[in-house]
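# Tertiary structure, described
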Amino acid sequence: MPTLIELTGDPDRVLTVSDFAAAAELGAGVTHIEMRYDRMDEFARLAGEGVLVVSVARAYPLDRIQEAAKLSRSRRPAGPAARRPGGKLMLVL
């Protein structure tokens, strides 16, 4: 979370669904969601059928993180930036 705050320049631009203690300490936002673990089979089925889809706007290597952050701040590709295994940063629509 500190890295995201440094990247965005403002803890109000960072939101977590899990690390409430760090958010309180660092001034980031939190959102409470009810995880529906009882419906994971259904979510997996819908994803397999192509009904539930997460669109990826672009994937950036970590050495282009500033470019990715600029695009994310533009709010054109709505959604969070997330790092995935393999060292790519993804902006998710």
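Note that the structure is a prediction, hence the values are computed from the model and not measured.

### Overview of the overall build of the protein
Along the backbone of the protein there are 4 helices and 5 strands. Mapped from its N terminus to its C terminus, the protein presents α and β elements in the order α-β-α-β-α-β-α-β-β. Here the analysis covers contacts within the protein between residues at least 6 apart in sequence; of these, 34% occur between residues at least 24 apart. Element-wise, carbon and sulfur atoms account for 54% of the exposed surface of the protein, whose accessible area totals about 6900 Å².

### Some details on the environment of Leu-52
Relative to the assigned elements, Leu-52 resides in the loop between α3 (40-48) and β3 (56-61). Since its relative accessible area comes to 43%, Leu-52 is described here as partly exposed. Every residue in contact with Leu-52, bar those within four places of it in the chain, is listed here: Phe-43, Leu-46 and Ala-47.

### Here's the deal with the pattern of salt bridges
Taken as a whole and judged by the stated rule, the model has 4 salt bridges. Two residues, Glu-49 and Arg-45, come together in a salt bridge whose shortest N-O distance is 3.1 Å. The exposure class of Arg-45 is partly exposed, given its relative accessible area of 42%.

### Topic: the confidence of the model for the protein
With 75% of its residues at a pLDDT of 70 or more, the protein shows a mean pLDDT of 76. Per-residue pLDDT, averaged within each element of the protein, yields its smallest value for strand β5 (residues 88-92) (49) and its largest for helix α2 (residues 20-26) (90).

### Quick look at the side chain of Thr-16
For Thr-16, the position within the fold is in strand β1 (residues 15-16). Those residues in contact with Thr-16 that sit more than four places away from it in its chain are Met-1, Ala-23, Gly-29, Val-30 and Thr-31.

### Examining the environment of Arg-64
Assignment of secondary structure puts Arg-64 in the loop between β3 and α4 (65-73). Of note is the side chain of Arg-64, whose polar atom sits 2.8 Å from the side chain of Glu-67.

### Brief notes about α4
Those residues of α4 that sit buried are Ala-68, Ala-69 and Leu-71. Considered in projection along α4, the buried side chains sweep an arc of 160° and stay on one side of the axis. Seen from the open side of α4, the exposed residues pointing more than 90 degrees away from its buried face are Gln-66 and Lys-70.

Rules of the game
Residues numbered from 1 in each chain as written. Predicted model: local features only at pLDDT ≥ 70, side-chain atom pairs only at ≥ 80, totals over all residues. Heavy atoms only, no water. Helix = DSSP H or I, 4+ residues; strand = E, 2+ residues; numbered from the N terminus. Contact = heavy atoms within 4.5 Å. Areas by Shrake-Rupley, 256 points an atom, 1.4 Å probe, with all protein chains shown as cover. Buried < 20%, exposed > 50% of the residue type's maximum accessible area, 1.4 Å probe, protein only. Salt bridge = Lys/Arg side-chain N within 4 Å of Asp/Glu carboxyl O. pLDDT = per-residue confidence, 0-100. Polar contact = N/O pair within 3.5 Å; in protein donor to acceptor, adjacent residues only side chain to side chain. Arc of directions from axis to C-beta.

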